[in-house]
Amino acid sequence: MSDNALTSIKDVTVKVLDGKLVSKHLRNQIRAQVAEFKEQGKRSPGLAVIIVGDDPASQVYVRHKIKACKEVGIESFEYQAPATLTKEDLKKKIEEFNQNEAIDGILVQLPLPEHLSSDEVLTWVDPMKDADCLTAENLGLLWAGRPRTKPCTPSGVMEILKYYEIPIQGARAAVVGRSEIVGKPMGLMLLQGDATVTMCHSKTLNMRQILLESDVVVVAAGRPLLLGREDFKKDSVVIDVGIHRDQGKLCGDVRFDELEGQVAAATPVPGGVGPMTITMLLSNTLDLYRLHSN
Ligand SMILES: NC(=O)c1ccc[n+]([C@@H]2O[C@H](COP(=O)([O-])OP(=O)(O)OC[C@H]3O[C@@H](n4cnc5c(N)ncnc54)[C@H](OP(=O)(O)O)[C@@H]3O)[C@@H](O)[C@H]2O)c1
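Worth saying up front: this structure is predicted, and the values here are computed from it rather than measured.

Peer 1: Help me get a handle on the layout of surface pockets, residues and values and all.
Peer 2: The computed volume of the second largest pocket comes to approximately 430 Å³. Looking at the second largest pocket, it is lined by 22 residues, and the ones nearest its centre are Lys150, Ser155, Met158, Glu159 and Lys162. Those elements giving two or more residues to the lining of the second largest pocket turn out to be helix H1 (19-39), helix H6 (152-163), helix H7 (183-192) and helix H9 (274-293). If you tally residues by element for the lining of the second largest pocket, the top one is H6, at 5 residues. In terms of residue class, the lining of the second largest pocket is made up of 8 nonpolar, 9 polar and 5 charged.

Peer 1: Give a detailed account of the pairing of strand E7 (residues 216-219), specifying residues and quantitative values.
Peer 2: In E7, alternate side chains face the same way, and those of Val216 and Val218 on one face and Val217 and Val219 on the other are all buried. Relative to E7, strand E5 (residues 172-176) runs parallel, the two sharing 4 bridges. For alanine 173, the partnering residue across the bridge sits in E7 and is valine 216. For E7 and strand E8 (residues 237-240), the ladder comprises 4 bridges, and the chain directions are parallel. Across the sheet, the residue bridging to valine 218 is isoleucine 239, located in E8.

Peer 1: Which residues make up the site of the ligand, and what values do they have?
Peer 2: By nearness alone, 20 residues border the ligand, and Arg178, Ser179, Ser202, Val241 and Thr277 come closest of all. Interatomic distance of 3.2 Å between a backbone N/O atom of isoleucine 243 and an oxygen atom of the ligand. The class makeup of the residues in the shell around the ligand is 8 nonpolar, 10 polar and 2 charged.

Peer 1: Please provide a residue-by-residue account of the domain arrangement of the protein, values included.
Peer 2: Taken as a whole, the protein is organised into domain 1 (43-127) and domain 2 (151-275). Domain 1 and domain 2 are separated by 29 Å when their C-alpha centres are compared.

Peer 1: For empty space enclosed by the protein, give the residues involved together with the corresponding values.
Peer 2: This structure, assessed with the given rule, holds 1 cavity of 30 Å³ or more. If you add up the space inside the largest cavity, you get close to 50 Å³. If you trace the largest cavity, you find it lined by Ile106, Leu107, Val108, Leu122, Val125, Asp130, Asp132 and Leu134.

Here is what the cut-offs are and how they apply
Residues numbered from 1 in each chain as written. Predicted model: local features only at pLDDT ≥ 70, side-chain atom pairs only at ≥ 80, totals over all residues. Heavy atoms only, no water. 1 Å grid on protein atoms, 1.4 Å probe; cavity = no way out; pocket = protein on both sides within 12 Å on 5 of 7 lines; lining within 4 Å. Points joined across faces, edges and corners; volume = space filled by probe spheres on them. Helix = DSSP H or I, 4+ residues; strand = E, 2+ residues; numbered from the N terminus. Nonpolar A, V, L, I, M, F, W, Y, C, P; charged D, E, K, R; others polar. Buried < 20%, exposed > 50% of the residue type's maximum accessible area, 1.4 Å probe, protein only. Pairing = 2+ DSSP bridges. Near = heavy atom within 4 Å. Polar contact = N/O pair within 3.5 Å; in protein donor to acceptor, adjacent residues only side chain to side chain. Domains from an automatic or database assignment.

Here it is as structure tokens:
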């Protein structure tokens, strides 16, 4: 068992599951693999990022994604378009990226302006280049247990659990939230890790009782500071996916400060799941690169 293992500090204080640390560890591995491919005379992996409109949060996310690509040696191709971009022009651009052999992954930053339906736009992305695992084909492969890529946030959570050697097999796990990009795939991945999973949502009755019986709880409700000490079982592990800005300060869906002496380990906000999402995008791009290089 490594020094990361959860069991070494049980019961004493909350062990902070440090997403920045896990992210750094994985990005170092990705950087080393990209460097190895380049030493073999191969091209760099490529990620195309499409952003339509000027949503400030999206602009920040895209900047972070491009910077992260650069840091690990993935080439990025950015397409910035005004909110007035037509459906036809967006389709043309995606088809151009689909054909471009230097590009392994395509990411369409969501949300899109109202006149562009994300459901329709995602059908234009070649599933072999779907870096976010949002196409029906790739979600189907994930469902079938043969993933080509994985939804970034839940796979980031799985990597945190793996890094800290938190036992999932046979554990009772609960997921709070059932969104398409976080909650649903999170439940599926925990199930595929042999946990016994309960999915909770806004209509769940007696949610606290379910959580109090759960060894691992992943919270992705999008409700600031929704859950606290009284909602979690002694020595359980709490993963907080939520991210909110309150008067300039970031917080999650969980009242982290209350967890001391109750839960065994938890992710903070910021510095927990957040840094993992972009890292898993890099990881998906590398996986697609390998498929294209074979
Ligand atoms: N860290 C990251 O990189 C990252 C990535 C993605 C998202 N996030 C954050 O994660 C949070 C969730 O995101 P999302 O896209 O999954 O949100 P979402 O689409 O709004 O889904 C929220 C889910 O939580 C459920 N819910 C809401 N209030 C609840 C309550 N009081 N009790 C139980 N369930 C409740 C909803 O149930 P119903 O289905 O019944 O409405 C829904 O399924 C947000 O804060 C988001 O900003 C972070």
